[in-house]
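Remarks on the overall topology
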Amino acid sequence: MRAVTWQGKREVRVETVPVPEIEEPTDAIVRITSSGLCGSDLHLYEVLTPFMTPGDILGHEPIGVVEEVGSEVTGLKPGDRVVVPFQIACGHCWMCGAGLPTQCETTQVHDSGMGAALFGYTRLYGGVPGAQAEYLRVPQAQFGPIKVPDGPPDDRYVYLSDVLPTAWQAVQYADIPPGGSVAVLGLGPIGDMCCRIARLQRAEIVMGVDLVSERLRRARERGVETYDLRRYEGRKELIEEIRDRTDGRGPDAVIDAVGTEAHGSPVGRTAQQMSAMLPRAWAARLAERAGTDRLAALLTAIELVRRGGTISLSGVYGGMASPLPLMTMFDKQIQLRMGQANVRRWVDDILPLLTDEDPLGVDGFATHRLPLEEAPHAYEIFQRKQEEAVKILFQP
């Protein structure tokens, strides 16, 4: 089969690899019909290279059709149309029962001290082959795959794999009070969807911050108050303007949908680039002990949110030694919630919204639909924010 493989920093390649087979009685094989390119895939393209191995298959946002199931998989049969969540979870351990499948005790990657295994996301998360491919082996298929109706296009449901539950959890964690305000930092796919969900849940003021024209336009067209970072000389000016909009206090909640590669963090960027120049084994040991993030977005969130407000982190951070202004956070009584989305925890809330009325605009959410063979070009334009690429779907 054809699959997108990681080969090195800023280098992916579409290669022919073996078709996956059932390995465990709880496995399923899914033929992929669409698979998303996620902003967190770009972290593998740029920052998390020390934890990658040439030939790793990328991707974790698939929808497809079940081809085969293992002997212990119930409730799923060949021909079923399914969305596969990005994390692999069993559904029966204590963590899964508590609504925390990203901490699944069956699939936790103990060797690296991480939570549940993830598709296509470094050896830190199990080195499981990913979903930017023609076929995918799905472990723990008795729980993970989400059955969806035949008929509507893939775009209707594919975002259940990651974008929708990640944004939904970010808004839930933000704990926006009725009639309250929220600022979303970063208007890529997750930030954009956070704004849509916050408006649907009747936040009174929804503000979005970015520096990419196409992203700002998309948010503005859906009623979001947008702030273009290019208009400000520094963070202080932006914060002052948003505070003026919120009676001088700052928003009730701030969602950081940017993460480790934030614009405006020169020291963190330099450290990440220097790490990428080391041999992978050295760089991995350094990252595990002293890795740093580009913290511009998080530091902005800490300064921006009102006293007693909430910061919700959905952007991926990977630094083990990133300094934070704990005195300010303590003094402002900031509540901070974060983590990988617990996909199955939110599916029942989201599925009723995926109708012909399309209140979240999922049917037109993708800006690009490309053949799998164009993956190298897709990664390049997405990373460089070219060709108005905001959300890309591959169609194997």
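Notes on the structure follow. (Residues numbered from 1 in each chain as written. Predicted model: local features only at pLDDT ≥ 70, side-chain atom pairs only at ≥ 80, totals over all residues. Heavy atoms only, no water.)

Some points on the sheet that holds strand β10 (residues 181-185)
Defined as follows: Two strands form a pair only when DSSP identifies at least two bridges running between them. In DSSP terms, a helix is any run of H or I states spanning at least four residues, a strand is any run of E spanning at least two, and both are numbered starting from the N terminus. Convention adopted: a line fitted to C-alpha atoms gives each axis, helices being fitted over their contacting stretch, and angles between N-to-C directions are expressed from 0 to 180 degrees. We call two residues in contact when some of their heavy atoms are within 4.5 Å.
One open sheet holds the 6 strands; their spatial order is β12-β11-β10-β13-β14-β15, and the pairing between them is parallel. Edge positions in the open sheet fall to β12 (225-228) and β15 (335-338), since each of these has one partner strand only. Taking the axes of each pair of neighbouring strands and ignoring which way they run, one obtains an average angle of 20 degrees across the sheet. When β10 meets strand β11 (residues 205-210), the two strands line up parallel, connected through 5 bridges. Bridge pairing in β11 places S181 opposite I205. Where helix α3 (residues 163-174) meets the sheet, it contacts β13 (253-256), β14 (310-313) and β15, and its direction lies at approximately 160 degrees from that of β14.

Concerning the nonpolar core
Definition in use: We call a set of buried Ala, Val, Leu, Ile, Met, Phe, Trp, Tyr and Cys residues a nonpolar core when their side-chain atoms join them within 4.5 Å. Summary of the burial criterion: residues with accessible area below 20% of their type's maximum are buried, those above 50% are exposed, and those between are partly exposed, where the area comes from a 1.4 Å probe applied to protein chains only.
Among the nonpolar cores identified, the biggest contains 72 residues, and Y159, L160, L164, M193, Y379 and I392 are the most heavily contacted of them. No other element matches the 7 residues that α3 contributes to this core. Setting aside chain neighbours within four positions, we find L160 in contact with V83, I146, V148, P165, V343, I350, L351 and L354. Listed in part, the 21 residues of the second largest apolar core include V209, L238, L295 and M329.

Notes on the packing of helix α6 (residues 235-245) against helix α9 (residues 296-304)
Helices that pack against each other are described as a pair by the angle of their axes relative to one another and the distance between those axes. Here is the rule: An angle counts as roughly parallel when it lies under 35 degrees, as roughly antiparallel when it exceeds 145, as roughly perpendicular when it falls between 65 and 115, and as oblique in every other case. Two helices crossing with the near one rotated counterclockwise from the far one by less than a right angle form a left-handed crossing, whereas a clockwise rotation gives a right-handed crossing. Residues are sorted three ways: Asp, Glu, Lys and Arg are charged, Ala, Val, Leu, Ile, Met, Phe, Trp, Tyr, Cys and Pro are nonpolar, and all the rest, Gly among them, are polar.
Between α6 and α9, the least distance of the axes is 10 Å, while the angle of their chain directions is 40 degrees. Our classification of the angle between α6 and α9 gives oblique. Crossing geometry of α6 relative to α9 is assigned as right-handed. Across the interface between the two elements, R235, K236, L238, I239, I242 and R243 of α6 pack against A296, L299, T300, E303 and L304 of α9. Considering only residue class, the contact of α6 with α9 consists of 6 nonpolar, 1 polar and 4 charged.

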